[in-house]
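So you can see what is in the structure, the chains are spelled out below.
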Amino acid sequence: MKKLELDLKPCDGFFNVREYDKKVEQAYSKVHELFSGTGRGNEYTGWLNLPLETNKKQIKDIKATAGRLRENSDYIINIGIGGSYLGTKAVYDFISPKSEGPEILYAGNTISGTQMKDLMDKIRDKDVSLCVVSKSGTTTEPAIAFRILEGFIKERYGVKAKERIVGITDAKKGAVKVLCDEMGYDSFVIPDNIGGRYSVLTPVGLVPLAASGVDIDELVAGAADMASYSKNLPNDATMYAAMRNLLLDGGKTIEIMAVYEESLRFFTEWWKQLFGESEGKEGKGIFPASVIFSADLHSMGQYIQEGNRNIFETVINIKNPPFDMKIPDTGQDSDGLAYLAGKTMNYVNETAMLATINAHRKGGVPNILINLEDQSGYSIGQLIYFFEFSCAVSGYLLGVNPFDQPGVEAYKTEMFKMLGKPGF
């Protein structure tokens, strides 16, 4: 396979080699804990072998339901919040050229009445299907959205509404599961041993992506190859986990993911949840942030270059973007760009990336570079598993449980009290 490539050279000069070797050995022991099931939160490591265990029957069932939705819909609305939609959107936005299927829209990730009104206006005269993703069915944001959109579907399609609503939920319990059973909606299971932020390669992501026309076989194949590779030591995901924790030991408490393609914007959002929710507990963790370059070089560039030196960057580079454009020769130089005539935008973009890495390193910011071969489903499948694996190892190195999120309930408790929910 042409796997992603981890390049740690832009970190040279920011760490002691002996300390790095020691951290790698510690990471190896954490990999053993992960595979042996002896680490904290081991009951939520179902994602670890998931790509290798995804069976043909499940994919066939997903494709059958997705095909029906795709044929009958202008839009697929993915109702969910956090891990119930971020991974789906990350994959959908990344893959290019876009599929010819219906566009995926998103609901239930805010409580904004304005956003819901805009969505309703957009779908009013269109054919629509719903994928509601919720383990319990009672999470406030998606539950409100589903109330509204299920009513819309029922009013529009009557008895045929059940052909347009799919639940992705618990196997046995919860409001969505009960409703699917009562109404005859198709349903798929979110495995009990996989948390939301690790769930994109389950039906959580595969159903809406397949409905939009994405090749989910290619996506799973990329993840499966990375899973096989990560069973051996050394591997890139473990090296990445070791390096980021070594940088943390040296006072680098903020990691900025920098990308140079707009198609990766929502991948950075998925990554921020993955690492923020997995590591941010017990007073520990590296704060995950993101920038879209070169645009953010004109806003965040000054701080990154000369601000507080508690940051490092992880750069994702797509080696072979799907499209390119040549810069024309206009026969004049009033804009000062004649020296670029005949060069391509991708060439200039790559040069900007390399120059930025060099400048930031000179400014005291270590960089980690991850090269992807192309902008395919296979490549992002690899990237998803790479970060899932490295996040688990990194969490164990920190000494936290990377699979729980106790702090997420704090705002909910306060909100329910203020709203007057019974029992609060």
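Note that the structure is predicted; figures quoted are calculated from it, not measured.

### Focus: the pairing of strand E2 (residues 75-79)
- For E2, the buried fraction is high: five of the five residues fall into the buried class.
- Here E2 shows a buried face lined by Tyr-75, Ile-77 and Ile-79 and a second buried face lined by Ile-76 and Asn-78.
- Looking at chain direction, E2 and strand E4 (residues 128-133) are connected through five bridges and run parallel. Following the sheet pairing, Ile-79 is matched in E4 by Val-132.

### Observations concerning the nonpolar core
- Residues Trp-47, Phe-267 and Phe-387 are the most contacted members of the largest nonpolar core, which totals 89 residues.
- If one sorts the elements of this core by residue count, helix H14 (residues 377-398) sits on top with 13 residues.
- Ignoring anything within four residues of it in the chain, the contact list for Trp-47 reads Leu-34, Asn-193, Ile-194, Tyr-198, Tyr-385, Glu-388, Phe-389, Ala-392 and Phe-403.
- In this structure, Leu-105, Ala-145, Cys-180 and Tyr-185 belong to the second largest nonpolar core, which totals 24 residues.

### What about the side chain of Ser-278?
- Its place among the elements puts Ser-278 in helix H11 (residues 265-279).
- Polar side-chain contacts of Ser-278 include one of 2.7 Å to the side chain of Arg-197.
- Beyond its immediate stretch of four places on either side in the chain, Ser-278 contacts Arg-197, Tyr-198, Gln-273, Cys-391, Val-400, Asn-401 and Pro-402.

### Brief notes about unusual backbone geometry
- The amide bond that connects Leu-233 to the next residue, Pro-234, takes the cis arrangement and shows omega of 0 degrees.
- Here Pro-234 is to be found in the loop between helix H9 (216-230) and helix H10 (236-249).
- At the junction of Phe-293 and Ser-294, the peptide bond is cis and its omega measures out at 10 degrees in the coordinates.
- Mapped onto the elements of the fold, Ser-294 is located in the loop between strand E8 (287-292) and helix H12 (301-306).

### Brief notes about the environment of Ala-211
- Note on placement: Ala-211 falls in helix H8 (residues 203-211).
- Relative accessible area serves as the criterion here: at 0%, Ala-211 is assigned to the buried category.
- Separated by 109 residues in the primary sequence, Ala-211 and Pro-102 have C-alpha atoms spaced 7.4 Å apart.
- Non-local contacts of Ala-211, meaning those with residues more than four positions away in its chain, are made with Ala-66, Leu-69, Arg-70, Ile-76 and Pro-102.

### A closer look at the sheet that holds strand E3 (residues 103-107)
- An order of E3-E2-E4-E5-E6 is seen for the five strands of this open sheet, with the pairing classed as parallel. Looking along the sheet, the strands with just one partner apiece sit at the ends: E3 and strand E6 (186-189). When strand polarity is set aside, the average angle formed by the axes of neighbouring strands in this sheet is 20 degrees.
- Here E2 runs beside E3; their pairing, made up of five bridges, is parallel. Paired with Ile-77 across the bridge in E3 is Leu-105.
- In the packing of helix H5 (residues 113-123) onto the sheet, contacts are made with E2, E3 and E4, and the angle to E3 comes to roughly 150 degrees.
- Set on the sheet, helix H6 (residues 140-157) makes contact with E2, E3, E4 and strand E5 (165-169); between it and E4 the angle comes to about 150 degrees.

### Focus: the pairing of E8
- Note: strand E7 (residues 254-259) against E8, six bridges, orientation parallel. Opposite Ile-256, over in E8, you have Ala-289 as the bridge partner.

### A closer look at the pattern of salt bridges
- In the structure shown here, the tally under the stated rule is 24 salt bridges.
- Taking the shortest distance from any N to any O, the salt bridge between Glu-19 and Lys-22 comes out at 3.7 Å. Remark: Lys-22 and Glu-19 occur in helix H1 (residues 17-36); sequence separation between them is three residues, near one turn of the helix.
- Of the residues examined, Glu-19 reaches a relative accessible area of 36% and is grouped as partly exposed.
- Given a relative accessible area of 45%, Lys-22 falls into the partly exposed group.
- Between Lys-281 and Asp-404 there is a salt bridge, and its shortest N-O distance comes to 2.8 Å. With Lys-281 in the loop between H11 and E8 and Asp-404 in the loop between H14 and helix H15 (409-419), this pair connects stretches of sequence that are 123 residues apart.
- Looking at Lys-281, the relative accessible area reads 10%, which means it is buried.

### Looking at the packing of aromatic side chains
- Going through the model one piece at a time under the given rule, you end up with 20 aromatic pairs.
- Measuring from centroid to centroid gives 5.1 Å for Trp-47 and Tyr-198, while their planes differ by 25 degrees, and the two rings are stacked. Pair noted here: Trp-47 is in the loop between H1 and helix H2 (50-53) and Tyr-198 is in the loop between E6 and H8, with a separation of 151 residues, a long-range link.
- Assessed through its relative accessible area of 1%, Trp-47 is described here as buried.
- When the ring of Tyr-85 is compared with that of Tyr-106, the centres are 5.8 Å apart and the planes differ by 55 degrees; the resulting orientation is tilted. Residue Tyr-85 is located in the loop between E2 and helix H4 (86-94), and its partner Tyr-106 is located in strand E3; the two are separated by 21 residues in the primary sequence.
- Looking at Tyr-85, the relative accessible area reads 11%, which means it is buried.
- Three or more aromatic residues link up through ring pairs in this structure, and these residues are Phe-35, Trp-47, Tyr-198, Tyr-385, Phe-389, Tyr-396 and Phe-403.
- Just above the ring of Phe-266 sits the side chain of Lys-89; from NZ or CZ to the centre is 4.7 Å.
- If you follow Arg-164 out to its NZ or CZ, it ends over the ring of Tyr-157, 4.0 Å from the centre.

About the thresholds
- Residues numbered from 1 in each chain as written.
- Predicted model: local features only at pLDDT ≥ 70, side-chain atom pairs only at ≥ 80, totals over all residues.
- Heavy atoms only, no water.
- Buried < 20%, exposed > 50% of the residue type's maximum accessible area, 1.4 Å probe, protein only.
- Helix = DSSP H or I, 4+ residues; strand = E, 2+ residues; numbered from the N terminus.
- Pairing = 2+ DSSP bridges.
- Core = buried A, V, L, I, M, F, W, Y, C linked by side-chain atoms within 4.5 Å.
- Contact = heavy atoms within 4.5 Å.
- Polar contact = N/O pair within 3.5 Å; in protein donor to acceptor, adjacent residues only side chain to side chain.
- Axes fitted to C-alpha atoms, helices over the stretch in contact; angles between N-to-C directions.
- Salt bridge = Lys/Arg side-chain N within 4 Å of Asp/Glu carboxyl O.
- Phe/Tyr/Trp six-rings, centres within 6.5 Å; stacked < 30°, edge-to-face > 60°.
- Lys NZ or Arg CZ within 6 Å of the ring centre and 35° of its normal.

What is shown is where atoms sit, not what they do.
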